[in-house]
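A closer look at the structure
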Amino acid sequence: EEGRERGLLYRLESLLGGRRPVAALLAVAAALLATASPALRAEMLPIEATGLPDEAEAHRAEVRSTAELGAETTAPVLVSAEPAGRAELKSFRFELARGPGVTEARGPSSTESGRELLRAGTEARPGSLEARDAVEGIRDVPAPVSVSVGGPDAEALDAARAFLGWLPIAAAVAMLLLAVLLYVVLRPALASPLRTALPAAALAAVSMLPAAAAAGVLVLVFQDGRLTDPLDYAPQGGPALSAAIATVGAVAATSAARTVHLAAALAVERKLGFPSRVAVPRATELTLPGAAAATIVAGAATIVLAGAELVAAKEFGLATAAGLVLDLVLVRAVLAPALARVSD
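Residues numbered from 1 in each chain as written. Predicted model: local features only at pLDDT ≥ 70, side-chain atom pairs only at ≥ 80, totals over all residues. Heavy atoms only, no water.

1. A few points about the overall build of the protein chain
- Check the secondary structure of the protein chain and you find 13 helices and 4 strands.
- Burial analysis of the protein chain (344 residues in total) assigns 44% to the buried set.
- Carbon and sulfur atoms form 64% of the exposed surface of the protein chain, whose accessible area is close to 16,400 Å². (Helix = DSSP H or I, 4+ residues; strand = E, 2+ residues; numbered from the N terminus. Buried < 20%, exposed > 50% of the residue type's maximum accessible area, 1.4 Å probe, protein only. Areas by Shrake-Rupley, 256 points an atom, 1.4 Å probe, with all protein chains shown as cover.)

2. Structural notes on the nonpolar core
- Counting 42 residues, the largest nonpolar core has Leu32, Leu178, Leu182, Leu186, Leu266 and Leu335 as its most contacted members.
- At the level of elements, helix H3 (21-36), helix H7 (152-186), helix H8 (193-207), helix H9 (209-223), helix H11 (241-271), helix H12 (276-303) and helix H13 (311-343) are the ones that each hand at least two residues to this core.
- Leave out the neighbours within four places in its chain, and leucine 335 touches Leu25, Val28, Ala29, Leu32, Val206, Leu209 and Leu330. (Core = buried A, V, L, I, M, F, W, Y, C linked by side-chain atoms within 4.5 Å. Contact = heavy atoms within 4.5 Å.)

3. A short note on the pattern of salt bridges
- Within this structure, the stated rule accounts for 10 salt bridges.
- Between glutamate 136 and arginine 161 there is a salt bridge whose closest N-O contact spans 2.1 Å. Linking glutamate 136 in helix H6 (residues 129-139) with arginine 161 in helix H7, this pair joins segments that are 25 residues apart in sequence.
- Residue class for glutamate 136 comes out partly exposed when judged on its relative accessible area of 27%.
- We note a salt bridge from arginine 258 to aspartate 327, for which the minimum N-O separation is 2.7 Å. With a gap of 69 residues between them, arginine 258 in helix H11 and aspartate 327 in helix H13 connect regions that are remote in the sequence. This pair shows no difference in class: arginine 258 is buried, exactly as aspartate 327 is.
- If you follow the salt bridges from partner to partner, you end up with Arg41, Asp224 and Arg226 in one network. (Salt bridge = Lys/Arg side-chain N within 4 Å of Asp/Glu carboxyl O.)

4. Side note on unusual backbone geometry
- Going from glycine 107 to proline 108, the amide bond is cis rather than trans, its omega being 5°.
- For proline 108, the location among the structural elements is in strand S2 (residues 102-110).
- Phi is positive for leucine 227, close to 55°, though the residue is something other than glycine.
- On the secondary structure map, leucine 227 appears in the loop between H9 and helix H10 (228-231).
- Not every positive phi belongs to a glycine, and aspartate 232 is a case in point at roughly 55°.
- Inspection of the secondary structure puts aspartate 232 in the loop between H10 and H11.

5. Examining the environment of leucine 157
- Its place among the elements puts leucine 157 in helix H7.
- When the C-alpha positions of leucine 157 and leucine 129 are compared, they lie 8.9 Å apart, and in sequence the two are 28 residues distant.

6. Topic: the sheet that holds strand S1 (residues 77-81)
- Taken in spatial order, the 4 strands line up as S2-S3-S1-S4 in an open sheet, and their pairing is antiparallel. Each edge of the open sheet carries a strand with a single partner, namely S2 and strand S4 (147-150). Taken pair by pair, the neighbouring strands of this sheet meet at an average axis angle of 20°, ignoring direction. (Pairing = 2+ DSSP bridges. Axes fitted to C-alpha atoms, helices over the stretch in contact; angles between N-to-C directions.)

7. Re the pairing of strand S3 (residues 116-122)
- Along S3, 6 of the 7 residues are buried, which leaves the element largely enclosed by surrounding structure.
- One ladder, built from 5 bridges, connects S1 with S3; its direction is antiparallel. Of the residues in S3, the one forming a bridge with alanine 81 is glutamate 116.
- Note that S2 and S3 share 6 bridges and pair antiparallel. Among the inter-strand pairings, glutamate 104 is bridged to a residue of S3, identified as glycine 121.
- Between S2 and S3, which pair antiparallel in sequence order, lie 5 residues; one of them, glycine 114, sits at a positive phi of approximately 95°.

8. Digging into the confidence of the model for the protein chain
- Mean pLDDT over the protein chain works out to 84, with 88% of the residues at or above the 70 mark.
- Mean pLDDT across the elements of the protein chain bottoms out in helix H1 (residues 2-5) (52) and peaks in H9 (94). (pLDDT = per-residue confidence, 0-100.)

9. Some details on the environment of arginine 41
- Within the secondary structure, arginine 41 sits in the loop between H3 and helix H4 (57-69).
- Arginine 41 gets classed as partly exposed once you look at its relative accessible area, which sits at 40%.
- In this structure, the C-alpha to C-alpha distance between arginine 41 and valine 219, residues 178 residues apart in sequence, is 7.8 Å.
- Among residues more than four places away in sequence, those in contact with arginine 41 are Val219, Leu220, Gln223 and Asp224.
- Of note is the side chain of arginine 41, whose polar atom sits 2.8 Å from the side chain of aspartate 224. (Polar contact = N/O pair within 3.5 Å; in protein donor to acceptor, adjacent residues only side chain to side chain.)

10. Quick notes on a nonpolar patch on the surface
- Taken together, the side chains of Trp166, Ile169, Val173 and Leu177 present a nonpolar region at the surface, about 430 Å² in accessible area.
- Locating tryptophan 166 in the fold gives a position in helix H7. (Patch = residues over 30% accessible without salt bridge, like charges linked within 9 Å, V, L, I, M, F, W, Y side chains within 5 Å.)

11. Quick notes on the packing of H3 against H13
- With their axes 9 Å apart at the nearest point, H3 and H13 run at an angle of 140° to one another. In this view, H3 runs oblique relative to H13, as classed from their interaxial angle. Classified by chirality, the crossing of H13 by H3 is left-handed. Facing Pro21, Val22, Ala24, Leu25, Val28, Ala29, Leu32 and Thr35 of H3, the residues of H13 in contact are Leu326, Leu330, Val331, Val334, Leu335, Ala338, Leu339, Arg341 and Val342.
- Considering only residue class, the contact of H3 with H13 consists of 15 nonpolar, 1 polar and 1 charged. (Parallel < 35°, antiparallel > 145°, perpendicular 65-115°, else oblique. Left-handed = near helix turned anticlockwise from the far one by under 90°. Nonpolar A, V, L, I, M, F, W, Y, C, P; charged D, E, K, R; others polar.)

This is the structure in structure tokens:
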């Protein structure tokens, strides 16, 4: 034990979280929450032509069509309506044409299913936030019959809303399952169910903070249009939905695995009879080198993607690397050990 106490990581953990664990806990949690807060205003976008490499055929085609046609009817919106009188549908078409961002409206035309189809074109670029705003404006136009507004931009809008709507539920389920797993790991080493449940729940909650912080980095950099020159990209108004899902999932899963690893090491030290002031730095000393090695490998592999020409790859690479580093430096080295000390 005396030899262990002289170890660098043991002394580092004792210095960072041993004397004032509550202060360390509050400071690090506040920093992670502040980094995650921009994610509350996230606007998720699909991968579209401006996010593709310059040599991609779709990117070249959009550049040529915009140069030739200008900003005209580049984002078609499809409006499917129930059968109605032609006069009513034509009146509705005129209302659509006067909507914000709409340049023209065509139809109605009958479909094989018996419904009527109208097409509206906007000035916005397909996949942009302006095109989605036009979709919302079209949906707000009073219609004489029941209508459904579709098209690529309507699909992107609904997909982003579905993701942001289900994200809190997914986070809650992940925290609950992780808390149950941590309870099972810690229960044999702690004296009572209550003393086990509190640290298990708290550790599960803080394990989700790096993923939230990675989402905040996505918004701060790519939605707000920062680091455009070093990263060599054109701002699109928001991160790609696919990149956000991959980033949050990767960082949350990695952080959860590291927390279980720490809890297992802590349980072993407590079963050996060490008090919290010794068991926590010993468990940190056992688990931190592996977490550091994994961060170096995975961080290097993902940060390389920040140099890719695909903007979604840049987003995933930069945000995932940032989330892993934040997890290592703030959660593994300070927050989780301080929380284990306070909860014990």
